[in-house]
Amino acid sequence: MNNLIETMNELRRMNPNLPLFPVTDDRFKPYGRVLGGKDEALSKAMAETELPAEGNMYRASVEALEAVPEMADIRRVAFGEMDVQAGFCNGHGFTLNALEYHKCSEINYTTTGLVLLLALQSDIADGRLDSGSVVGFYLPPETLVEIFPGTLHFAPCRVKEEGFNCLVVLEKGVNSPLSHVDTAAPGEEKMLWMRGKWMLCHPDSPQKQKGAYVGITGENLKLAI
């Protein structure tokens, strides 16, 4: 508990303008839920995933993670036994840049600790979201969480210089390429970026340069450590 308190105090001291809470706080309840704690096999598999020297790396499906016994419980409890893929997002990121949502849950687990920058789909108005709506949630090492469908999220933020690792479990096929992207489409469709992934980005983000729909206003948040 002391480590959690110390970490939260330091994160809040360094980021006075960003609301920050642990995922165990009641304020996490609209965004997701804690499913469990440490799982030895999952921790071992995550510790062996690749951490890039710089930037972030995403792998949608990793056989060693999908073979972990805990995955059967995750598949049943969070996905109702739908087919899933288990991969990771590892790296050194600390900037908001974009927000995405799915129409299925997403499961996260880390052995390093990290911060998730989250908002709600209901925060989007006329295709725009003010970054002032974003809340930071600290995910401690070896805590399993479910991010609810419709919760806006993106790549995690590191809480130490060495970087972060993060398990990403989704329904099978999510984040695979679309037949085409149309950011001029009406309504929600303009945010459809990959299969099962709706995304809006900040005008100062790398995602804008790749052609993603620009829909985040306000500051492009950065987590200081």
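For the structure itself, consult the block above.
Residues numbered from 1 in each chain as written. Predicted model: local features only at pLDDT ≥ 70, side-chain atom pairs only at ≥ 80, totals over all residues. Heavy atoms only, no water.

A. Fine view of the sheet that holds strand E13 (residues 192–194). Pairing within the open sheet is antiparallel, and its three strands lie in the order E5-E14-E13. Either end of the sheet is taken by a strand with one partner, and the two such strands are strand E5 (98–101) and E13. Between one strand axis and the next, the sheet turns by 45 degrees as a mean value, whatever way the strands run. Bridge count between E13 and strand E14 (residues 197–201): two bridges; the pairing is antiparallel. (Pairing = 2+ DSSP bridges. Helix = DSSP H or I, 4+ residues; strand = E, 2+ residues; numbered from the N terminus. Axes fitted to C-alpha atoms, helices over the stretch in contact; angles between N-to-C directions.)

B. Spatial organisation of the sheet that holds strand E7 (residues 114–120). Within the open sheet, the four strands sit side by side as E1-E9-E7-E11. Their pairing is mixed. Looking along the sheet, the strands with just one partner apiece sit at the ends: strand E1 (20–22) and strand E11 (151–152).

C. Geometry of the environment of arginine 128. Mapped onto the secondary structure, arginine 128 falls in the loop between E7 and strand E8 (129–130). The contact partners of arginine 128, leaving out residues within four places of it in the chain, are Asp123, Tyr213, Val214, Gly215 and Thr217. (Contact = heavy atoms within 4.5 Å.)

D. Fine view of the pairing of strand E12 (residues 167–171). Where burial is concerned, most of E12 is hidden: four out of the five residues are buried. For strand E4 (residues 84–91) and E12, the ladder comprises five bridges, and the chain directions are antiparallel. Note on E12: the bridge partner recorded for alanine 86 is valine 169. (Buried < 20%, exposed > 50% of the residue type's maximum accessible area, 1.4 Å probe, protein only.)

E. Focus on the pattern of salt bridges. The final tally for this structure, using the stated rule, is eleven salt bridges. Linking arginine 13 and glutamate 10 is a salt bridge whose minimum nitrogen-to-oxygen distance equals 2.7 Å. Taken together, the positions of arginine 13 and glutamate 10, both in helix H1 (residues 2–14) and three residues apart, correspond to about one turn of that helix. Under the relative-accessibility criterion, arginine 13 is labelled exposed at 54%. Assessed through its relative accessible area of 37%, glutamate 10 is described here as partly exposed. Notably, a salt bridge pairs lysine 38 with glutamate 142, separated by 3.9 Å at the nearest N-O pair. Of this pair, lysine 38 sits in the loop between strand E2 (32–36) and helix H2 (40–47) while glutamate 142 sits in the loop between strand E9 (135–139) and strand E10 (144–147), and the two are 104 residues apart along the sequence. Three or more residues are tied together by salt bridges with common partners; here these are Lys38, Glu40 and Glu142. (Salt bridge = Lys/Arg side-chain N within 4 Å of Asp/Glu carboxyl O.)

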